[in-house]
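Summary of structural features
Residue-level listing of the chains:
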Amino acid sequence: MKKLIFSILILSSLFLKAQTAERDFSMANKWYKNGNYSKAIELYLGIEKQGLASDDLYFNLGNCYYKLNKVAPTIFYYEKALKMNPMHEDAAFNLTFAKRMTIDVIEELPKTFLQRFSENVIQKLTYDSWALFAVIASFSATILFLLYHFSFSSKKKLFYFNTSIFAVFVLVICVVFAFQNYTTVKNNRTAIVFKTASEIKNAPSSNSDTAFKLHEGTKVRVLDQLDNWRKIKIADGKVGWINEGDLKEI
């Protein structure tokens, strides 16, 4: 009985939390339409702190910061929206404009065929989506095999057998893509530089030589960390160390 009451209380609190977040989201949208972007940001961030973030929430935050001409948070939240939903076309479109606000001009290294395939195909969906497709393919393969087993017509048997084999093939591909996507996301730590101008050091020490400089809004890849320093790599292959307070991981 106590467990039942406890469960009901939890469900009630979650329901009220969702209702409050929905109300705040609607109010924040109104503030945005009225041009009060700071107030909208306050409400959006409040929803995020409740653990109810979504790709649209991050997209709206990016829009608010864009209106306020704040480069780093604009790019940061568009990137977070795309990390949660790689198919968010509006976030991808707005991100291209936001990047024009950055100072650093970095030429990317040429990508291999596998890197381009991973970026344009595997990473276009989340690993949860690939896993869902794998489950659907698994059910399809099972049903098709049962239809093959219980069919009496030779033509139907041939059709169900071939389609079940195809479903198994799709299943394997989806599992491989899901695993590859998961591995890439977990190993590929990225961040946005938030400091107006940041000196990138040759070693994790403020006394070491400056290798190069980066400015707010630049996206970097985090390779390692030591105390309050992060080893980063930028798109043109340069590597250095940056103070953790100068950037924010996506």
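Here is a short report on the structure shown in this document. Quick caveat: nothing in here was measured; it's all calculated off a predicted structure.

Another point: the overall build of the protein. Of the regular secondary structure elements, the protein holds 8 helices and 7 strands. Taking 18 Å as the expected radius of gyration for a compact globule of 250 residues, we find that the protein reaches 24 Å, considerably beyond that expectation. The principal-axis extents of the C-alpha atoms in the protein amount to approximately 80 × 50 × 40 Å. Across the 250 residues that make up the protein, the buried fraction comes to 32%. Considering the protein, the positive charge centre built from 32 side chains and the negative charge centre built from 23 side chains are found 7 Å apart.

Formed by 27 residues in total, the largest nonpolar core has its most connected members in Tyr44, Leu61, Cys64, Ile75, Tyr77 and Ile192. With sequence-adjacent residues up to four places away left out, isoleucine 75 is seen in contact with Leu95, Ala98, Lys99, Thr102, Ile192 and Gly217. Counting residues in each nonpolar core, the second largest holds 11 residues, with Phe212, Leu214, Val222 and Ile234 among its members.

Within the secondary structure layout, aspartate 104 lies in the loop between α5 (89-98) and α6 (113-120). Of the side chains bearing the opposite charge, lysine 238 lies closest to the buried aspartate 104, which forms no salt bridge; the N-O distance is 9.2 Å. Within the structure, the side chain of aspartate 104 is placed 2.6 Å from the side chain of threonine 218, a separation counted as a polar contact. Look past the residues within four positions of aspartate 104 in its chain and what remains in contact with it is Lys213, Leu214, His215 and Thr218.

Orientation of helix α7 (residues 127-150) relative to helix α8 (residues 154-187), taken along the N-to-C sense of each, is 165°, at an axis distance of 8 Å. Considering their axes alone, α7 and α8 lie roughly antiparallel with respect to each other. The crossing of α7 and α8 is left-handed. Tallied by class, residues from the contact of α7 with α8 come to 23 nonpolar, 6 polar and 2 charged.

What follows concerns the packing of aromatic side chains. Tallied over the entire structure, the rule returns 16 aromatic pairs. Centroid distance phenylalanine 76 to tyrosine 77: 5.0 Å. Interplanar angle 85°. Geometry classified as edge-to-face. Tyrosine 77 shares its class with phenylalanine 76; the two are buried. Every member of this aromatic cluster is reached through a ring pair, and the members are Tyr58, Tyr65, Phe76, Tyr77 and Phe194. Stacked on the ring of tyrosine 148, the Lys or Arg lysine 157 has its end atom at 4.7 Å from the ring centre. Its end group placed over the ring of phenylalanine 212, lysine 238 keeps NZ or CZ at 5.6 Å from the ring centre.

Time to look at helix α4 (residues 71-84). For α4, with 14 residues, the first-to-last C-alpha span of 20 Å sits near the 20 Å given by 1.5 Å per residue. Most of α4 sits inside the fold, with 12 of its 14 residues counted as buried. Those residues of α4 not exposed but buried are Val71, Ala72, Pro73, Thr74, Ile75, Phe76, Tyr77, Tyr78, Glu79, Lys80, Ala81 and Leu82. Buried residues along α4 sit in contact with α2 (37-49), α3 (55-67), α5, β1 (189-193), β4 (219-226) and β7 (247-249).

Note on placement: serine 54 falls in the loop between α2 and α3. Looking at serine 54, the relative accessible area reads 24%, which means it is partly exposed. C-alpha separation for the pair serine 54 and methionine 84, spaced 30 residues apart in sequence, amounts to 7.4 Å. A distance of 3.2 Å separates a polar atom in the side chain of serine 54 from the backbone nitrogen of leucine 57.

Moving on: the pairing of strand β6 (residues 239-243). One ladder, built from 5 bridges, connects strand β5 (residues 229-233) with β6; its direction is antiparallel. Counterpart to arginine 230 in the pairing with β6 is isoleucine 242. Linking two consecutive strands that pair antiparallel, namely β5 and β6, is a turn of 5 residues; a positive phi of about 100° is found at glycine 237 within it.

What counts, and at which threshold
Residues numbered from 1 in each chain as written. Predicted model: local features only at pLDDT ≥ 70, side-chain atom pairs only at ≥ 80, totals over all residues. Heavy atoms only, no water. Helix = DSSP H or I, 4+ residues; strand = E, 2+ residues; numbered from the N terminus. Rg over C-alpha atoms; globule rule 2.2 N^0.38 Å. Buried < 20%, exposed > 50% of the residue type's maximum accessible area, 1.4 Å probe, protein only. Lys, Arg positive; Asp, Glu negative; His and termini not counted. Charge placed at Lys NZ, Arg CZ, Asp CG, Glu CD. Core = buried A, V, L, I, M, F, W, Y, C linked by side-chain atoms within 4.5 Å. Contact = heavy atoms within 4.5 Å. Salt bridge = Lys/Arg side-chain N within 4 Å of Asp/Glu carboxyl O. Polar contact = N/O pair within 3.5 Å; in protein donor to acceptor, adjacent residues only side chain to side chain. Axes fitted to C-alpha atoms, helices over the stretch in contact; angles between N-to-C directions. Parallel < 35°, antiparallel > 145°, perpendicular 65-115°, else oblique. Left-handed = near helix turned anticlockwise from the far one by under 90°. Nonpolar A, V, L, I, M, F, W, Y, C, P; charged D, E, K, R; others polar. Phe/Tyr/Trp six-rings, centres within 6.5 Å; stacked < 30°, edge-to-face > 60°. Lys NZ or Arg CZ within 6 Å of the ring centre and 35° of its normal. Expected span 1.5 Å × (residues − 1). Pairing = 2+ DSSP bridges.

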